There are 2 protein chains.
Amino acid sequence: MNTTEKTQIDTRTRIIATTTDMFLQQGFSGTSMSAIAKSCNMTKASLYHHFDGKEDLFIACVTYGYTAALDALAKIADDAALSAEEKLRAGVGALYTTMITAPVGRMSPLIAEVSRAFPNVARSFHAEYIEPQRATLWRIVEEGQSSGAFRDFDKNQFFHIAFGPMVTLSLSREMFATFDDLDDHFPVDELRDGHADVLLKMLAAE
Amino acid sequence: MNTTEKTQIDTRTRIIATTTDMFLQQGFSGTSMSAIAKSCNMTKASLYHHFDGKEDLFIACVTYGYTAALDALAKIADDAALSAEEKLRAGVGALYTTMITAPVGRMSPLIAEVSRAFPNVARSFHAEYIEPQRATLWRIVEEGQSSGAFRDFDKNQFFHIAFGPMVTLSLSREMFATFDDLDDHFPVDELRDGHADVLLKMLAAE
DNA sequence: GTCTATATCCTGATAGAC
DNA sequence: GTCTATCAGGATATAGAC
């Protein structure tokens, strides 16, 4: 990799980081290309040199961090030292971290915002992020089932109860971000632990 | 009520219905006042005669149907012929209907979209819709607890597991509305019934 | 790769006649 | 209560020099 390529990548990454913050703060439509360029200390024309347009830039922001989030979950699923119950609890913890603090998770409401205008954004989000995540989590459940620790449970039903609360928590925290008592209303750690308890009890073999 | 007042209300209602559809289809920023006026077969100036501005119109759309949704749940909570378990199941059913099919529920992602620009929209949504809904549902739980049918359970924790899946389901269905196999991915009736089972088992006295 | 300058269009909102 | 006409500003995006 020569110097030019490295600089290109750094600039792109820098733009993505700045833009992600702005999208999360002000939404997709609320963030203009002019404002992004200004925050990146460059002109609009330069910005358009690095990204084809606003949609392209948005996709780059959403996609950035996909792999890190998926790898973290996969690592837990593959950890031979953990039991299925321990994996499930750790996996739920990792998912909460991703959804509440990582851009990928916090961007979900934004994806809903743009999904009608750019349906392919929603499609790729589903195919490249949602589905792999569900698949990895389900591997953990199946392992517990074959070892006799977990009972049979409908797959979609499990995802409904497993992902529902954490996605809603993320949405709520974005929605009520202006509340000064946000953590009293939505205490992440406490809700996460209680949620894991419910899931484990729900799956426990009789 | 004289004729003029009646006409005013009808026009307002007509605008609200049309606008709600457009907001749900294209988002808040994706729907312009010009487009709304055209869909209502009037000019922008006439539209501005009925509503102070876009924010005002949005609030009217979100608010429309509040009372109907809250009354439906309250009626179940007050039904003397039902046991706490039956009330909970019926209440969950009513909430699913509201969130999946009624504008109030489907608008949630939109409220997240505009909440940074108009924080008071989020505040009033929380105070006038979320809180009363939680309060009514919690009355049902408390009734079951005092009759000995339900065990003790942390309030926020319960809401986390109760509302999370249904809000996420609504969000997902808006997000992936362009999928042709939407009902295969997110079958409402099935997920609702399974969710109610989980909640009842979770609350069941030992 | 970054700049200045510009094109083109659309936005929310209003004034004032009827 | 509805209209025509218009405002001032901002949106995305591009052309072409350096």
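Numbers given for residues are sequential positions, taken from 1 along each chain in its written order. For naming, the first written chain is A and the first written ligand is 1, with later ones following in the order written. Totals for whole chains, interfaces and linings use all residues, but because this is a predicted model, local features are given only for residues with pLDDT of at least 70 and pairs of side-chain atoms are given and counted only at 80 or more. Based on all heavy atoms of the structure, the side-chain values leave hydrogens and waters out of the count.

Going by what an unreviewed UniProt entry lists, chain A is known as HTH tetR-type domain-containing protein and is assigned to Tateyamaria omphalii.

K.L.:
Looking at this structure, I do not really get the protein's contact with DNA strand D. What am I missing?
P.N.:
Near, as used in this document, describes a residue that has one of its heavy atoms within 4 Å of the molecule or strand being considered. Taken together, 17 residues form the shell around DNA strand D, and within it A:Met33, A:Lys44, A:Tyr48, B:Gln8 and B:His50 come nearest. Interatomic distance of 2.7 Å between a side-chain N/O atom of A:Lys44 and a base nitrogen of DNA strand D. Any pair of N or O atoms that falls within 3.5 Å is considered a polar contact. Within protein, one atom must be able to donate a hydrogen and the other to accept it, and sequence-neighbouring residues count only if both atoms are side-chain atoms. A distance of 2.7 Å is found between a phosphate oxygen of DNA strand D and a side-chain nitrogen or oxygen belonging to B:His50. Secondary-structure elements contributing two or more residues to the surface near DNA strand D are α2 (33-39) and α3 (44-50) of chain A together with α1 (3-26) and α3 (44-50) of chain B. In this text, helices come from DSSP runs of H or I with a minimum length of four residues, and strands from runs of E with a minimum of two, each type numbered from the N-terminal end.

K.L.:
Looking at this structure, I do not really get the packing of aromatic side chains. What am I missing?
P.N.:
Pairs of aromatic rings are described using the distance from one ring centre to the other and the angle between the two planes. Residue and element names in this part refer to chain A. Note on ring pairs: Phe, Tyr and Trp rings are taken, using the six-membered ring of Trp, and paired if centres are within 6.5 Å. Classes follow the plane angle, with under 30 degrees stacked, over 60 edge-to-face and the rest tilted. Under the counting rule described, the total for this entry stands at 24 aromatic pairs over all chains. Summarising the aromatic geometry, the rings of Phe-28 and Phe-58 are spaced 5.2 Å apart at their centres and angled 75° between planes, so their arrangement reads as edge-to-face. Separated by 30 residues along the polypeptide, Phe-28 in the loop between α1 (3-26) and α2 and Phe-58 in helix α4 (residues 54-63) bring together distant segments of the chain. Burial classes follow relative accessibility: with a 1.4 Å probe on protein chains only, a residue under 20% of its type's maximum area counts as buried, one over 50% as exposed, and anything between as partly exposed. Since its relative accessible area comes to 8%, Phe-28 is described here as buried. Ring centres 5.9 Å apart and planes at 55° place the aromatic pair Phe-158 and Phe-159 in the tilted group. We classify Phe-159 as buried; its relative accessible area is 4%.

K.L.:
I'm lost on the domain arrangement of chain A in this one. Help?
P.N.:
Quoted interface sizes are often the accessible area lost when the parts come together. All names here are of chain A. The start and end points of each domain follow an automatic or database-based domain assignment. Along its sequence, chain A is carved into domain 1 (3-62) and domain 2 (65-203). One C-alpha centre belongs to domain 1, the other to domain 2, and the line joining them spans 28 Å. Contacts are residue-level and defined by heavy atoms, with any inter-residue pair within 4.5 Å sufficient. Domain 1 puts 11 residues into the contact, and the matching count from domain 2 is 14 residues. Two parts placed together each lose some accessible area under a 1.4 Å probe, and the buried area is that loss summed for both. Buried surface at the junction of domain 1 and domain 2, summed over both partners, amounts to about 1,100 Å²; 75% is from carbon and sulfur atoms. Together, Leu-24, Phe-58 and Val-62 form the three largest contributors to the area buried by domain 1 at its contact with domain 2, with a combined 53%. The interface formed by domain 1 and domain 2 contains one residue pair in polar contact (both at pLDDT 80 or more). At the level of secondary structure, the elements contributing two or more residues to the side of domain 1 that touches domain 2 comprise α1 and α4. With five residues, α4 is the largest single contributor of residues to the side of domain 1 that touches domain 2. Throughout this entry, Asp, Glu, Lys and Arg are counted as charged residues, while Ala, Val, Leu, Ile, Met, Phe, Trp, Tyr, Cys and Pro are counted as nonpolar. The remaining residues, Gly among them, count as polar. Class assignment for the residues of the side of domain 1 that touches domain 2 results in seven nonpolar, three polar and one charged.

K.L.:
Please clarify how the interface of chain B and chain A should be interpreted in this entry.
P.N.:
At the junction of the two partners, chain B supplies 47 residues and chain A supplies 47 residues. It is B:Arg116, B:His160 and B:Met175 that lose the most area in chain B upon contact with chain A, and together they represent 18% of the buried surface on that side. When a carboxyl oxygen of Asp or Glu is within 4 Å of a side-chain nitrogen of Lys or Arg, the pair counts as a salt bridge. Applying the counting rule to chain B against chain A returns two salt bridges. In this structure, A:Glu174 engages B:Arg116 in a salt bridge whose closest nitrogen and oxygen atoms are separated by 2.8 Å. Elements supplying a minimum of two residues to the side of chain B that touches chain A: α1, α8 (108-114), α9 (119-146), α10 (155-175), α11 (182-185) and α12 (188-203) of chain B. No other element matches α10(B), which puts 14 residues into the side of chain B that touches chain A. Split by residue class, the side of chain B that touches chain A holds 23 nonpolar, 14 polar and 10 charged.

K.L.:
Would you take a moment to explain the nonpolar core for this structure?
P.N.:
Working definition of a nonpolar core: buried Ala, Val, Leu, Ile, Met, Phe, Trp, Tyr and Cys residues. They are joined through side-chain atoms within 4.5 Å. With 140 residues, the main nonpolar core has A:Phe58, A:Leu88, A:Phe158, B:Phe58, B:Leu88 and B:Phe158 as its most contacted residues. If we skip the residues at most four places from it in the chain, B:Phe158 touches B:Leu88, B:Leu137, B:Trp138, B:Val141, B:Phe153, B:Leu199, B:Met202 and B:Leu203.

K.L.:
Explanation requested: the pattern of salt bridges in the structure shown.
P.N.:
Where side chains of opposite charge bring their charged atoms close, a pairing between them can arise. All chains considered together, the criterion is met by 18 salt bridges over all chains. For A:Arg173, the salt bridge goes to A:Asp183, with nearest N and O atoms at 3.0 Å. Pair noted here: A:Arg173 is in helix α10 (residues 155-175) and A:Asp183 is in helix α11 (residues 182-185), with a separation of 10 residues, a long-range link. The residue B:Asp189 makes a salt bridge to B:Arg192 at a minimum N-O spacing of 3.5 Å. Of this pair, B:Asp189 and B:Arg192 both sit in helix α12, three residues apart, roughly one helical turn. Judged by relative accessible area, which is 49%, B:Asp189 ranks as partly exposed.

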